[in-house]
Every structure is written in structure tokens, then in C-alpha cells.
Amino acid sequence: MTLQIRPCRGIQTQRLAEAMNAAFADYVVPLHLTDAQFHEITNRRGFSEDHSFLATEGDRIAGFWFSSKPESEVGNRAYCLSAGVIPAYRRKGLLRRLFDAVLDKHIEDGGTGLQLEVIATNEAALRGYASFGYEIVRDLNVYKLENPHLSQDVPQGVAIREIELVDLPEELSSFFDTYPTRQNQRSAMSALPGTVRVVGAFAEGQVIGWQAVFPDGAAPELAVRRDWRRRGAWDLPCWPRSPLYIQTG
């Protein structure tokens, strides 16, 4: 039966989640996503069924490329949420065909580029994406805090309290030395209302820092205004029970 490339439009979440789990069963970090977890991840990262494509053989999904739409906040580039091929269908050029379909759709819609992240030790993937024309532009570090022991010390004149996303400043140049990846930027935190907790630090009536945490322990943002850095440990009382993960770079 002929393999076909088609948009993800109208495909049930369960089938997409099953395909992703199957493609990453032998990955560096194997996936075992539930439908709910898949829904959360794809919503957080801007999944667009019109800009994402499947390789199918009859009713079977052989491969996928999940993408966001071109996004004006990042120069009209699109983000690759995930791309993979089921083991039985590998080495048939499917990922390249999926990439070409995604690229054509983004060019049609005025996109200026596609971006993604790859685990640095996955050399085969790095070579593959390089052959598509991707270039490495930065390194990302991920830190994990298993058993946080929080200090109760707060710098003099600083008040710390839980706040809402809308309370965070829009101008970030005095807080960020580098900007979050797509799954951690402000739109990702806003995609699923009520799923992220934010604690802010205030001085002289202004926000001088904050910590945001998802229910799974991922910390999309941890920021301190430059003129308030290196003034001691702050107790941000919203650490989840699960391990805390912070991605920088």
C-alpha cells in the first residue's frame, strides 16, 4: 500500500498520542504519554493541525511532524513540537517528505523559518536535521532539583507573594539575558489557564522577579531584574512536590 502525506486535520488525539509514543519508544528519553498529557503538551507548544502532517499507510500512522503555525512573536517562525517515524517505517525517507510538506505549508502562509530542539547526544537526529538545512543557534541546559531545601531568608525591603500571569511585566529586556523556548514562553503558560503558578518578588511597588511552575514540576520562567541580582536566596513558596526542572540557554 502506498504511503501518503496528509495534514493532521480531523485526526483524534488518541491516535496522535499513540503514534508519538510508538515513534519514541526506543528514544533517548522514551515517551509514555497519556491522552491528557499529549493534549497538555501540544496545547502548551502551539500545535496546529493545519501545519502538522502525517505519513499514513491506509489507516495506520507511519510518521508525523507536529508543528505550530508561523508566530509573529518570534519573527513569523514556526516551532516543531515533535517529529518521528514508527520503527517499522524508518529508512524510507518519510521524515524528509514530512518536512517538505510542513515547509511548503509554512511558506504558503508567510512563515520565515522552522525551529526545534534536539537532545545533544542524539547524533543521528542532529545529522538528519542538518541535512534538511537546520543550523545550531544555541545550546540549552536543563537542571533538575530533586529535594529542594528552601531558605527562609528574603532580602530586606522585598515582599514575596503569589500572583497571576497578567501581573507580570510585558517588557522583559531588564529581566531576561536570553528568551525562553517555545514551550516555556508566555503564550505557553497562557494556553492552559490555571495550570501554572507564579510567585512574584516586589520592591518599592514593582515586580523585581518571579518564578513560574507547571504542575509537572517544569519551571518555564525564573527571572530576577538585573539590578536586584546576587542579593541572597529567596523563598518562592510554590515549589511542587515533583522534581523541579529549569531550562536555560
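Computed from a predicted structure; not experimentally measured. (Residues numbered from 1 in each chain as written. Predicted model: local features only at pLDDT ≥ 70, side-chain atom pairs only at ≥ 80, totals over all residues. Heavy atoms only, no water.)

Caption draft 1: Representation of the pairing of strand E9 (residues 206-213) within the structure. Of all the eight residues making up E9, seven are buried; the element is thus mostly covered by neighbouring parts of the structure. Across four bridges, E9 lies against strand E11 (residues 221-224) in antiparallel orientation. Considered in E11, the bridge of Ala212 is made with Glu221. (Buried < 20%, exposed > 50% of the residue type's maximum accessible area, 1.4 Å probe, protein only. Helix = DSSP H or I, 4+ residues; strand = E, 2+ residues; numbered from the N terminus. Pairing = 2+ DSSP bridges.)

Caption draft 2: View of the pattern of salt bridges. For the structure on display, the rule yields 11 salt bridges. Across the pair Lys105 and Asp109 runs a salt bridge whose closest N-O atoms are separated by 3.4 Å. For Lys105, a relative accessible area of 19% gives the class buried. Judged by its relative accessible area of 35%, Asp109 is partly exposed. For the salt bridge of Arg186 with Glu221, the shortest nitrogen-to-oxygen distance reads 3.2 Å. With Arg186 in helix H5 (residues 186-191) and Glu221 in strand E11, this residue pair connects regions lying 35 residues apart in the sequence. If you follow the salt bridges from partner to partner, you end up with Asp177, Arg226 and Arg229 in one network. (Salt bridge = Lys/Arg side-chain N within 4 Å of Asp/Glu carboxyl O.)

Caption draft 3: Spotlight on the sheet that holds strand E3 (residues 60-67). With mixed pairing, five strands are arranged side by side in an open sheet as E1-E2-E3-E4-E5. Looking along the sheet, the strands with just one partner apiece sit at the ends: strand E1 (4-7) and strand E5 (113-115). Taken over all neighbouring pairs, the strand axes of this sheet differ in orientation by 30° on average, direction set aside. The pairing of E3 with strand E4 (residues 77-85) spans five bridges and is classified as antiparallel. Bridge pairing in E4 places Gly63 opposite Val85. (Axes fitted to C-alpha atoms, helices over the stretch in contact; angles between N-to-C directions.)

Caption draft 4: Looking closely at the sheet that holds E9. A sheet is described by the order of its strands in space; here four strands give the open sequence E7-E8-E9-E11, paired in antiparallel fashion. One side of each edge strand has no neighbouring strand; the edge strands of this open sheet are strand E7 (159-163) and E11. With strand direction ignored, the average angle separating the axes of adjacent strands in the sheet is 25°.

Caption draft 5: Seen up close, the confidence of the model for the protein. Summary statistics for the protein give a mean pLDDT of 86 and a share of 90% for residues scoring 70 or more. Taken together, the stretch residues 235-249 has pLDDT below 50 and engages in 64 contacts with residues farther than four places along the chain or on a different chain. (pLDDT = per-residue confidence, 0-100. Contact = heavy atoms within 4.5 Å.)

Caption draft 6: Representation of the environment of His51 within the structure. Considering the arrangement of structural elements, one finds His51 in the loop between helix H2 (35-44) and strand E2 (53-57). Considered as a pair, His51 and Leu103 are 52 residues apart in the sequence and their alpha carbons are 8.9 Å apart. At a separation of 2.7 Å, a polar atom in the side chain of His51 contacts the side chain of Ser48. Only 2.7 Å separates the side chain of His51 from the side chain of Asp109, close enough to count as a polar contact. (Polar contact = N/O pair within 3.5 Å; in protein donor to acceptor, adjacent residues only side chain to side chain.)

Caption draft 7: Representation of the packing of aromatic side chains. Tallied over the entire structure, the rule returns 13 aromatic pairs. Their ring planes at 50° and their centres at 4.8 Å tell us that Phe175 and Trp210 sit as a pair that is tilted. In this pair, Phe175 sits in the loop between E7 and H5 while Trp210 sits in strand E9, placing the two residues 35 residues apart along the sequence. For the pair Phe175 and Trp210, one class covers both residues: buried. Of the aromatic side chains, those joined through ring pairs into one cluster are Phe24, Phe38, Phe47, Phe64 and Phe66. (Phe/Tyr/Trp six-rings, centres within 6.5 Å; stacked < 30°, edge-to-face > 60°.)

Caption draft 8: Main features of the pairing of E2. Of all five residues making up E2, four are buried, and the element is well covered by its neighbours. As judged from the four bridges shared by E1 and E2, these two strands associate in the antiparallel manner. Within the sheet, the bridge partner assigned to Gln4 lies in E2 and is Thr56. The pairing of E2 with E3 spans five bridges and is antiparallel. Residue pairing for E3: Ala55 is matched across the bridge by Gly63.

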